[in-house]
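Next come the chains, spelled out residue by residue.
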Amino acid sequence: MQIIPLTPTAATPETSRPDPAKLISGDPVHTTWNVEDRDGLYCGIWQSTPGKWRVSYDEWEYCRILSGRSVLTGADGSVQSVGPGDSFIIRPGFSGTWEVLETTTKDYVIRL
């Protein structure tokens, strides 16, 4: 099939945590349903419980928040609060922190 639904039932969930060296607060647990992974394109659904960690992006990522609340803070001090219905792009070179205030679920498309 050429059309793949972007739902958790379309993939096996993978569970992880941020690298301890990047963890700032909390004990966030990430669950990822990778629906597509080929030719430098990744897409699926990601969920995290509350916590805060350092991030650094080498890739493009489009996100749409399905539920929950998070705050992305850039190394330059810029702050972006996101919640249900918000869509945004993270460009390569972004570094800062991702803080999950309320368990957050997003769908995403990553291009390397």
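The notes below deal with the structure included here. Bear in mind the structure is a predicted one, so any value in this text is a computation, not a measurement.

So, the pattern of salt bridges
A full pass over the atoms with the stated rule returns four salt bridges. The closest approach of N and O atoms between Glu61 and Lys106, which form a salt bridge, is 2.6 Å. On the criterion of sequence distance, the pair formed by Glu61 in strand 6 (residues 60-74) and Lys106 in strand 9 (residues 95-111) is long-range, its members being 45 residues apart. Assigned by exposure class, Glu61 and Lys106 land together as buried. We note a salt bridge from Arg64 to Asp107, for which the minimum N-O separation is 2.6 Å. Residue Arg64 is located in strand 6, and its partner Asp107 is located in strand 9; the two are separated by 43 residues in the primary sequence. We classify Arg64 as partly exposed; its relative accessible area is 35%. Residue classification places Asp107 among the buried residues on the basis of a relative accessible area of 8%.

Rules of the game
- Along each chain, residues carry numbers from 1 onward, in the same order as the chain's sequence is written.
- Only residues with pLDDT of at least 70 get local features here, since the model is predicted, and only at 80 or more are side-chain atom pairs given and counted; chain-wide, interface and lining totals rely on the full set of residues.
- Hydrogens and waters are ignored; side-chain quantities use all the structure's heavy atoms.
- Just to be clear on terms, a salt bridge is a Lys or Arg side-chain nitrogen sitting within 4 Å of an Asp or Glu carboxyl oxygen.
- Secondary structure is summarised from DSSP: a helix means a run of H or I of at least four residues, a strand means a run of E of at least two, and numbering begins at the N terminus for each.
- In this scheme, a residue with accessible area under 20% of its type's maximum is buried, one over 50% is exposed, and one in between is partly exposed, where area comes from a 1.4 Å probe on protein chains only.

These figures capture arrangement, not role.
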